[in-house]
Amino acid sequence: MSKGQSGLGKSTLINTLFKSQVSRKSASWNREEKIPKTVEIKAIGHVIEEGGVKMKLTVIDTPGFGDQINNENCWEPIEKYINEQYEKFLKEEVNIARKKRIPDTRVHCCLYFISPTGHSLRPLDLEFMKHLSKVVNIVPIIAKADTMTLEEKMEFKQRVRKELEVNGIEFYPQKEFDEDLEDKTENDKIRQESMPFAVVGSDKEYQVNGKRVLGRKTPWGIIEVENLTHCEFALLRDFVIRTHLQDLKEVTHNIHYETYRARRLNDNGGLPPGEGVLPPAPASPRPATE
Ligand SMILES: Nc1nc2c(ncn2[C@@H]2O[C@H](COP(=O)(O)OP(=O)(O)OP(=O)(O)O)[C@@H](O)[C@H]2O)c(=O)[nH]1
Ligand SMILES: [Mg+2]
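Reading guide: rules and limits
- Residues numbered from 1 in each chain as written.
- Chains lettered and ligands numbered in written order.
- Predicted model: local features only at pLDDT ≥ 70, side-chain atom pairs only at ≥ 80, totals over all residues.
- Heavy atoms only, no water.
- UniProt positions renumbered as here; feature names shortened; annotations may be inferred.
- Helix = DSSP H or I, 4+ residues; strand = E, 2+ residues; numbered from the N terminus.
- Expected span 1.5 Å × (residues − 1).
- Contact = heavy atoms within 4.5 Å.
- Near = heavy atom within 4 Å.
- Polar contact = N/O pair within 3.5 Å; in protein donor to acceptor, adjacent residues only side chain to side chain.
- Areas by Shrake-Rupley, 256 points an atom, 1.4 Å probe, with all protein chains shown as cover.
- Nonpolar A, V, L, I, M, F, W, Y, C, P; charged D, E, K, R; others polar.
- Pairing = 2+ DSSP bridges.
- Axes fitted to C-alpha atoms, helices over the stretch in contact; angles between N-to-C directions.
- pLDDT = per-residue confidence, 0-100.
- Phe/Tyr/Trp six-rings, centres within 6.5 Å; stacked < 30°, edge-to-face > 60°.
- Buried < 20%, exposed > 50% of the residue type's maximum accessible area, 1.4 Å probe, protein only.
- Donors = N, O, S within 2.8 Å, 3.2 Å for Na, K, Ca; no water.
- Core = buried A, V, L, I, M, F, W, Y, C linked by side-chain atoms within 4.5 Å.
- Bend = angle between axes of the 7 residues up to and from the residue.

In the nomenclature of an unreviewed UniProt entry, the protein chain corresponds to Neuronal-specific septin-3 from the organism Sarcophilus harrisii. Regarding the protein chain, the UniProt comment filed under Subunit (unreviewed entry) reads as follows: "Septins polymerize into heterooligomeric protein complexes that form filaments, and can associate with cellular membranes, actin filaments and microtubules. GTPase activity is required for filament formation."

## Remarks on helix α2 (residues 76-94)
Along an α-helix, residues three or four positions apart point the same way, because every turn accommodates 3.6 residues. With 19 residues, α2 extends 26 Å from end C-alpha to end C-alpha; this agrees with the ideal 27 Å at 1.5 Å per step. In this structure, the buried side of α2 is in contact with β1 (2-4), β2 (42-50), β3 (53-61), α3 (123-132) and α7 (245-266).

## Quick look at the site of ligand 1
As a structural note, the neighbourhood of ligand 1 is formed by 17 residues, with Ser6, Lys10, Thr12, Thr38 and Gly64 the closest of them. At a separation of 2.8 Å, an oxygen atom of ligand 1 approaches a polar backbone atom of Gly7. At 2.9 Å, a backbone N or O of Gly201 approaches an oxygen atom of ligand 1. In isolation ligand 1 has 650 Å² of accessible area, and contact with the protein removes 82% of it. A per-element tally of the shell around ligand 1 places helix α1 (residues 10-19) first, with three residues. Split into classes, the residues belonging to the shell around ligand 1 amount to four nonpolar, eight polar and five charged.

## Digging into the sheet that holds strand β7 (residues 205-208)
Within a sheet, neighbouring strands are paired by backbone hydrogen bonds and run either parallel or antiparallel to one another. Across the sheet, which stays open at both edges, the three strands sit in the order β7-β8-β9 with antiparallel pairing between neighbours. Single-partner strands in this sheet number two, and they are β7 and β9 (221-224). With strand direction ignored, the average angle separating the axes of adjacent strands in the sheet is 70°. When strand β8 (residues 211-218) meets β9, the two strands line up antiparallel, connected through four bridges. By the bridge assignment, Thr218 is partnered in β9 with Gly221.

## Regarding the confidence of the model for the protein chain
Here the protein chain shows a mean pLDDT of 86. Residues at 70 or above account for 85%. A low-confidence stretch, residues 25-29 (pLDDT under 50), is modelled with nine contacts involving residues beyond four sequence positions or located in other chains. Across residues 276-290 the pLDDT falls below 50, and counting only partners more than four positions away or on other chains, this stretch makes 25 contacts in the model.

## Topic: the packing of aromatic side chains
Going through the model one piece at a time under the given rule, you end up with six aromatic pairs. Each ring, one from Tyr86 and one from Tyr257, has its centre 6.0 Å from the other, and the planes form 50°; the classification is tilted. Here Tyr86, found in helix α2, pairs with Tyr257, found in helix α7; they are 171 residues apart in sequence, far enough to count as distant. When its relative accessible area of 1% is taken as the criterion, Tyr86 is described as buried.

## Quick notes on the coordination of the magnesium ion (ligand 2)
The coordination sphere of the magnesium ion (ligand 2), as far as protein atoms go, consists of Ser11 (OG) and Thr38 (OG1), spread over 1.9 to 2.1 Å. On the criterion of sequence distance, the pair formed by Ser11 in helix α1 and Thr38 in the loop between α1 and β2 is long-range, its members being 27 residues apart. Judged by relative accessible area, which is 18%, Thr38 ranks as buried.

## Remarks on the nonpolar core
Formed by 68 residues in total, the largest nonpolar core has its most connected members in Phe128 and Val139. With residues near it in sequence (within four places) discarded, Val139 still touches Cys109, Cys110, Leu111, Tyr112, Tyr172, Met195, Phe197, Leu236 and Phe239.

## Examining unusual backbone geometry
Following Tyr172, the chain continues to Pro173 via a peptide bond in cis, the omega torsion being -5°. Tracing the backbone through its elements, the reader meets Pro173 in the loop between α4 (150-166) and α5 (181-194). Each neighbour pair has its own omega, and for Met195 with Pro196 the value is -15°, a cis peptide bond. As for its position among the elements, Pro196 is in the loop between α5 and β6 (197-198). Not every positive phi belongs to a glycine, and Lys144 is a case in point at roughly 45°. Looking at the secondary structure, you find Lys144 in the loop between β5 (138-142) and α4. The backbone of Asn209 sits at a positive phi, close to 50°, despite the residue not being glycine. Along the polypeptide, Asn209 turns up in the loop between β7 and β8.

## What to know about α7
Across its 22 residues, α7 extends 30 Å between first and last C-alpha, which sits within 8% of the 32 Å expected from 1.5 Å per residue. Along α7, the sharpest change in direction is near 35° and occurs at Glu258. Turning to α7, its buried residues number three or more, namely Leu245, Leu248, Val251, Thr252, His253, His256, Tyr257, Tyr260, Arg261 and Arg264. Elements that come into contact with the buried residues of α7 comprise β3, α2 and α6 (233-243).

Laid out in structure tokens, this is it:
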């Protein structure tokens, strides 16, 4: 899922993700038209190949927010969407006898786009992340990083980390869920150095040194989105699709979904319609064997 202010390049980054190396083989469409402003929450699914394994990746694009006169509670439609997916899963889980595998539409990761202002985070950013970090894994990213100098980028990353910390916002990977020392060492590095990934998006290809690369053409050269000396898109991609994919799913299931489920099952007033009494739901989607 991608979320942030309007025009920050959310839709562009989704295209970048599907067109970049992980999925270049399967990315067959070659659109040249401009990406329109996103007006509704929309799921886009693609089969991508990772380490010889095909998997389905669904990205949910959302319209920008924060443009209204009153931005109060503007995270609500997003929280509602996330909860609806938990609810769907819960209903299936309760009916476990009917399906071997529960179709999983739950949101495992929310990329939050921060505007590359170089100043402080907006109150809106803090509010959004404060609320949503309780229901979903948030990965903050700095959008349109090509608009900042190297020094500005370094400084801004540091400042954002500091502000998130001061405001008690837990982004993914959350400290409390590190499983062992190895996890902690690796994740500390990500939390203290990589986050928030400063990315550039593009779905246009250019020829650079005889190779076709995704990039943005400027009067002073081509910004290559997958080149680590140009931006951190490749780091972000590897983080969410390769190194932390499984963990994102586990934290979603064991923490966020579990919190939703516990709350929902305790909340008698809100039983799923048509259900009399909820049977005790198993902790995992597969029934216990004993
Ligand atoms: N400089 C720069 N421009 C970008 C980048 N990514 C996207 N853009 C441009 O920013 C404009 C908006 O991009 P979109 O992807 O439509 O932005 P969005 O966040 O989806 O906007 P909404 O749908 O209105 O929320 C387009 O002109 C893009 O070409 C980037 O990384 N750097
Ligand atoms: Mg959009």
